[in-house]
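Coordinate analysis (summary)
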Amino acid sequence: MRQITGGLLLTLAVMACKTTTPVVQQTPPQPVILTLGTKAFTTDDFFQSFTKNQLSADSAHRTDVREYFDLYTNLKLKVLAAESEGRDTTEAFREEMNTYRKQLAQSYITDKVLIESLAAEAYQRMQEEVNVSHILVQVSEDALPADTLAAYQSALEIGKQAASGEEFAKLARERSQDVTTAQTGGNLGYVTAFGIVYPLETAAYTTPVGRVSQPVRTRFGYHLLKVNSRRPSRGRVRVAHILVRISPSADATGQKVAQDRIDAAYGRLQRGETFEAVCREVSDDATSRANGGVLPPFEPGRWIPAFEDAAFSLIRPGDYSKPVRTNYGWHIIKLIERKPLESYTIMAPSLRQRVTTDSRAEVIRQATLQRLRKEYAVRPEKTILESALTKADSSLLRGQWRYTEPLDPTLQGKTIVTIADRPHTINQFFEYVRQRQQPPHNPAMANNASASNVVPAKGSSPNVAMQRLFDRFVGDQLVAIEEANLEKKSPEFRALLSEIHDGVLLSQMMEQNVWERSMVDSTGQRQYFEAHKADYQFPDRAVATIVVAQHDSLLKQATTILSGKPPYQLRRSAPAVTFAKGQTALTTSFQERLFDVLVVLMRNPSYIVEVGGSHDPTERDSVSAGRIRSVVSYLQKNGVSLSRIIEKDYQGARPGATKDAQRNVTFQYFSTAKDDVAKVINSKQPLSAGDPAVTITEGAFAKGANSYLDSVSPWKAGTTTLHRDNKAIAVIIDRIDPARAKTFAEARGNVINDYQATLEKQWLAQLRQKYPVKVNDEEIRRLAK
């Protein structure tokens, strides 16, 4: 219930994307459909709310006019109560509304046609991948015009050399200032939409194969782009991966440890272990490890090239790569499925989002500002602006510029620009500069905390940087003015904002008068329960476990494990540790191997580990006990409770073990949770897009709660095997619990829900007394026709 405001905002944001219908001004007074106290609500207000509710609601749950009118009345009563308490005037409320307003305003300010055009263009480009090389002539985005021109002419000269037949790769090695690609002939590999900054992307898709583009300006300088080849899109793939991370600061030893781990994981796969089982034990990717390393589907340009190349080179689902190194670490990648790109209709929503957040966002911003400049006059005060530019110095290029107030008498409080007849002072601009200035991005300095060591980009001019910030300042003010005028310009925006206003107040009032009160009023909960005990009853229930398997052998495997009492022995163990003759102490290498046992126990809180020890015939009986104690002591020191450890001392030879294996300490996993039985079985089955190999569901079930259990008649303790829907099912009934009244603890969740409904009903009755409700029945009848 507490999510009402967020859900409302989402609905409103979706509706805001629709084209605004022109509003015809009506001079006659609007008919009133509802009056609460002295506040009137027009028929148009109600009908607009009603129709939006109908459009956004599930068609199976739509309400008619009269039903919705009751909901509308209750909503407005609660909002009116909030306003009478002054909740709409608090600082917290204003801040929340400003946040929602700014989010909503974006869809009214930006050019939707342009966004759609850019999204469609990106989709078209995604149909093809382009192999490109580039040469960079560096020049700062804040360079003086003369320096910018010199860089441009240099790029033109290199372009002429390439056009005259000189090898582009040779020119890149000799002339390119992109140190990361120059030595490889400037090659960037295959790129697609969103893979590189938008100006370069456009050059890649508009330059013919074998040709070199004209110089392309980015914030890094001027680029010459050569298109080497094109190929159709490789579509989308869904893969799983095992990741072994490498710290950026890892030394040679650390890197070798990581490589050894990934090589060991690859060896396990080669020996036939399932990808999912190895992933769950080894992978350092916490977000995907639990589901076998599966990642969301992606198209080219989403991941780093080394990962993508390995993923797209896999042919058949189930194939996996050799270990692949990226800047994240080592990966083993498994192909789940390969699909062509989805239709534009399906991809359009995500593409619209992406074009507003990548480098195309600046194209959208400039188009918006161009429109706003035509609507709102911008008049800079040249003298004041020129004086402001002279205040820039090299500290601005380092992101450390400061100013002191009051300014010189000739500048203090003076207007630097007038926008839509609103003056903006030089003081406001200088404060904007102080907040928005940024040091140049220099990856080499990323770990250096000393700001005084920041070096500006070569050729940067403080005056040009200050002018760029002034242009940004003017643009931001134009957007702010447009946002402030949206209520006047757009009735739809005004109506949406009004609904958000009501939603926020409604949430606050419900929290205070219903939700929080029902949760903390334990006496009221108990009294309500005692007064309505007959409403809280358990019917006859079967305490049962339902096992559903893909086939009979899997069902037998699961039911055999479940046939005993917990903890259940899992078909899962850790590699044994083999001690030297007479040895009981743990070496460093043994501790490293025991770390895997710790990880498994931490990730599976219901697991119990059996530590089994033995000794060969030439060793004393106490040796096996000593080995067990060493292992148990290590596990305890690392946070494993003794209640999760079973000690098993064979006190001599281990049955069926070879001579060296008699000196082993072994690790067998058990679990108190039936669900872990299913997880272990599933981990040893090939991953499929359908149902898991085995599912285990347990609980106390009433009639109708589980269709498999309903198939058993009559209910009685025991196991019934079924075959249905191409599945093998075991229904294991432990006992039948007869119908009985629920205790307060068992009914508390339902009691709270019912108590909330009662509190809300009582509160609404009070509000109806405070704000008399007057209904225009004639208007309701007219709308209901």
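Residues numbered from 1 in each chain as written. Predicted model: local features only at pLDDT ≥ 70, side-chain atom pairs only at ≥ 80, totals over all residues. Heavy atoms only, no water.

Some remarks on the sheet that holds strand β14 (residues 541-549)
The four strands lie next to each other as β19-β14-β21-β20, forming an open sheet whose pairing is antiparallel. The open sheet has two edge strands, β19 (694-702) and β20 (718-724), and neither has a second partner. With direction set aside, neighbouring strand axes in the sheet form an average angle of 20°. Direction of pairing for β20 relative to strand β21 (residues 727-737): antiparallel, over a ladder of seven bridges. Counterpart to L722 in the pairing with β21 is I729. Across the sheet, helix α25 (residues 674-683) is in contact with β14, β19 and β21; its angle to β19 comes to roughly 160°. (Pairing = 2+ DSSP bridges. Helix = DSSP H or I, 4+ residues; strand = E, 2+ residues; numbered from the N terminus. Axes fitted to C-alpha atoms, helices over the stretch in contact; angles between N-to-C directions. Contact = heavy atoms within 4.5 Å.)

Things to note about helix α22 (residues 552-562)
Those residues of α22 lying buried are L554, L555, Q557, A558, I561 and L562. Along the axis of α22, the buried positions cluster into a sector of 160°, meaning they face one direction only. (Buried < 20%, exposed > 50% of the residue type's maximum accessible area, 1.4 Å probe, protein only. Arc of directions from axis to C-beta.)

Here we look at the environment of G582
Assignment of secondary structure puts G582 in the loop between β15 (568-578) and α23 (588-603). Residue class for G582 comes out partly exposed when judged on its relative accessible area of 46%. Expressed as a C-alpha distance, the spacing of G582 and H615, which sit 33 residues apart in the sequence, is 8.6 Å. Excluding its chain neighbours within four sequence positions, the residues that come into contact with G582 are E619 and R627.

What about the packing of aromatic side chains?
Any two aromatic rings considered together are summarised by their centre-to-centre distance and by the angle between their planes. Tallied over the entire structure, the rule returns 27 aromatic pairs. Centre to centre, the rings of Y108 and F493 are 5.2 Å apart; their planes meet at 75°, and the pair counts as edge-to-face. One end of the pair, Y108, is in helix α4 (residues 91-109); the other, F493, is in helix α20 (residues 491-520), with 385 residues separating them in the sequence. This pair shows no difference in class: Y108 is buried, exactly as F493 is. Between Y432 and F473, the ring centres sit 5.2 Å apart and the planes meet at 70°, which makes this aromatic pair edge-to-face. With Y432 in helix α17 (residues 426-436) and F473 in helix α18 (residues 462-484), this pair connects stretches of sequence that are 41 residues apart. Taken individually, Y432 and F473 each receive the classification buried, so the pair is uniform in this respect. By the ring-pair criterion, three or more aromatic residues cluster together here, those being F41, F46, F47, F50, Y68, F69 and Y72. Taking the ring centre of F194 as reference, the NZ or CZ of R354 above it sits at 4.0 Å. Across from the ring centre of W715, 4.1 Å away, lies the NZ or CZ of K703, which sits over that ring. (Phe/Tyr/Trp six-rings, centres within 6.5 Å; stacked < 30°, edge-to-face > 60°. Lys NZ or Arg CZ within 6 Å of the ring centre and 35° of its normal.)

Concerning the environment of R234
Within the element layout of this structure, R234 appears in the loop between β6 (221-232) and β7 (236-245). In this structure the C-alpha to C-alpha distance between R234 and T560, which are 326 residues apart in sequence, comes to 46 Å. Those residues in contact with R234, other than ones at most four positions away along the chain, are E129, P300, E308, D309, F312 and R338.

Remarks on the sheet that holds strand β23 (residues 773-775)
A sheet is described by the order of its strands in space; here three strands give the open sequence β2-β1-β23, paired in antiparallel fashion. Either end of the sheet is taken by a strand with one partner, and the two such strands are β2 (39-42) and β23. In this sheet, adjacent strand axes meet at a mean angle of 15° when their direction is disregarded. Examined bridge by bridge, strand β1 (residues 32-36) and β2 share four bridges and lie antiparallel to one another. Among the inter-strand pairings, V32 is bridged to a residue of β2, identified as T42. Seen against the sheet, helix α28 (residues 777-784) touches β1 and β23 and runs at an angle of roughly 135° to β1.

Structural notes on helix α5 (residues 112-125)
The end-to-end C-alpha distance of α5 is 20 Å, a good match for the 20 Å that 14 residues give at a rise of 1.5 Å each. By the burial criterion, the buried members of α5 are I115, L118, A119, A122, Y123 and R125. Projected onto a plane normal to the axis of α5, the buried residues spread over an arc of 165° and lie on a single side. Of the exposed residues in α5, those oriented more than 90 degrees away from the buried face are V113 and Q124. Buried positions along α5 lie against β3 (128-138), α8 (198-206), α13 (344-355) and α14 (361-375). (Expected span 1.5 Å × (residues − 1).)

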